[in-house]
Amino acid sequence: MEPVGPQVVLTGNGLLEPPLIPDMRLNLQERVPLNGTSKLDRLAARGRPILACYFVMGDEDFDNALRDLYVEEGVDIFELGIPSVDPYLDGPDIAGAMARVIANGSDGYDRMAELAEWFAARPLAPAGVCMAYADLDIERLAGIPLDGALVIGGEGVAIGVPGTPRCGLLTLDQSLWNLDDALSWDGYVMVQSADGKTGPREALDPRLAETIAAAKDAGIVRPILAGFGIGTSAQAREAIDAGADGVVIGSMCVRSVRRGNAAIRQFLRDVRSALDA
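Keep in mind that this is a model prediction, so the values were computed, not measured. (Residues numbered from 1 in each chain as written. Predicted model: local features only at pLDDT ≥ 70, side-chain atom pairs only at ≥ 80, totals over all residues. Heavy atoms only, no water.)

### Section: the state of the cysteines
Here is step 1: Applying the stated criterion to the full structure yields zero disulfides.
Here is step 2: There is no disulfide at C130, and the cysteine sulfur nearest it, in C167, is 9.7 Å away.
Here is step 3: Distance from the sulfur of C253, which forms no disulfide, to the nearest cysteine sulfur (C53) is 3.7 Å. (Disulfide = S-S within 2.5 Å.)

Here it is as structure tokens:
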């Protein structure tokens, strides 16, 4: 029986490398000024839709076996979430995971450092990006080899982590954008694909395509990833067709993991296949 879904390649260094798709080229390559030194730049240069998946650090569901499963199924960016006592942008899946971590007294920072060091030691491994609210202990991120950080601040501003590429969030409501700040982001830009809190939706917001176009017209040149509300492989493909360079999926990953490894593996495989179609 032929294998289904994306197959990874074991390199001479013993590292897992997702296959490239040479005939798929996004206009991202023409937009992003690449310095060739960061994993995010190399993902952009590759010209393949980017798959970023979120998980809360310290959640016992996310062990090293699941880390390896994510790599095997073609995840490009691990969004490493720091638990917050007030996750005001997150729906029940992610907020519930954060509450479990806090209740158990687990240390998300130690787990983030462990994963970031694993990524840093493997040049072909996925990128590791910190995701957090403004209540994080930013001093504890010092020395962690992150590939980026998206820390939600007020009034459309993304809080910077010293020495780390800064990612940011653009809402569907363009009146809330802080373009002066957004144009300085050197990581990636997440654009809301559905209004409200995180969590799967029956349909993505019809304003997604015009919002992405507006971001590009405003001079945003970093990779644009659609996030919030993507819960199916068809919606992931819809986001790419709307102009996104990739997608961010959090809630459905958390939900699928709690259903078992077979469920999350099939979900990731379906999404990766849809993105590459």
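There is more to say after this.
### Points about the packing of helix α3 (residues 64-72) against helix α5 (residues 108-120)
A packed helix pair is summarised by two numbers, namely the angle formed by the two axes and the spacing between the axes.
Here is step 1: Put simply, α3 and α5 touch, their axes get as near as 13 Å, and they point 40° apart. Considered as vectors, α3 and α5 are oriented oblique to each other. Considering how the two elements wind past one another, α3 and α5 form a crossing that is right-handed. Of α5, the residues touching α3 (which contributes N64, R67, D68 and V71) are R111, E114, L115 and W118.
Here is step 2: By residue class, the composition of the contact of α3 with α5 is three nonpolar, one polar and four charged. (Axes fitted to C-alpha atoms, helices over the stretch in contact; angles between N-to-C directions. Helix = DSSP H or I, 4+ residues; strand = E, 2+ residues; numbered from the N terminus. Parallel < 35°, antiparallel > 145°, perpendicular 65-115°, else oblique. Left-handed = near helix turned anticlockwise from the far one by under 90°. Contact = heavy atoms within 4.5 Å. Nonpolar A, V, L, I, M, F, W, Y, C, P; charged D, E, K, R; others polar.)

### Things to note about empty space enclosed by the protein
Here is step 1: One pass over the full model with this rule turns up two cavities of 30 Å³ or more.
Here is step 2: Put simply, the largest cavity is a space of about 300 Å³.
Here is step 3: Around the largest cavity sit 26 residues that line it, and D90, I94, M131, T198 and F228 are the ones nearest its centre.
Here is step 4: Listing elements by their share of the lining of the largest cavity, those giving two or more residues are α4 (92-104), β5 (127-133), β6 (148-152), β11 (246-249) and α9 (251-258).
Here is step 5: At three residues, β5 tops the list of elements feeding residues into the lining of the largest cavity.
Here is step 6: Split by residue class, the lining of the largest cavity holds 18 nonpolar, six polar and two charged.
Here is step 7: Space inside the second largest cavity adds up to approximately 40 Å³.
Here is step 8: Lining the second largest cavity we find L40, L43, I50, I77, G187, Y188, P223 and L225.
Here is step 9: Considered class by class, the residues forming the lining of the second largest cavity number seven nonpolar, one polar and no charged. (1 Å grid on protein atoms, 1.4 Å probe; cavity = no way out; pocket = protein on both sides within 12 Å on 5 of 7 lines; lining within 4 Å. Points joined across faces, edges and corners; volume = space filled by probe spheres on them.)

### Topic: the pattern of salt bridges
Here is step 1: Summed over the entire model, instances satisfying the criterion amount to 19 salt bridges.
Here is step 2: We note a salt bridge from R67 to D68, for which the minimum N-O separation is 2.9 Å.
Here is step 3: Judged by relative accessible area, which is 27%, D68 ranks as partly exposed.
Here is step 4: Of the charged contacts, one joins D241 and R237 as a salt bridge, the two residues approaching to 3.0 Å between their closest N and O atoms. Of this pair, D241 and R237 both sit in helix α8 (residues 233-241), four residues apart, which is roughly one turn of that helix.
Here is step 5: When salt bridges with common partners are traced through the structure, they connect R46, R48, D76, R272 and D276 into a single cluster. (Salt bridge = Lys/Arg side-chain N within 4 Å of Asp/Glu carboxyl O. Buried < 20%, exposed > 50% of the residue type's maximum accessible area, 1.4 Å probe, protein only.)

### Observations regarding the sheet that holds β6
Here is step 1: Overall, mixed pairing links the nine strands, which are arranged β7-β6-β5-β4-β3-β11-β10-β9-β8 in an open sheet. Edge strands, defined here as strands with exactly one partner in the open sheet, are β7 (158-159) and β8 (168-170).
Here is step 2: Note: strand β3 (residues 50-56) against strand β4 (residues 77-81), five bridges, orientation parallel. Bridged to A52 within β4 is I77.
Here is step 3: Here helix α10 (residues 261-276) sits on the sheet in contact with β3 and β11, set at roughly 155° to β3. (Pairing = 2+ DSSP bridges.)

By themselves, these are just geometric observations and shouldn't be taken as functional.
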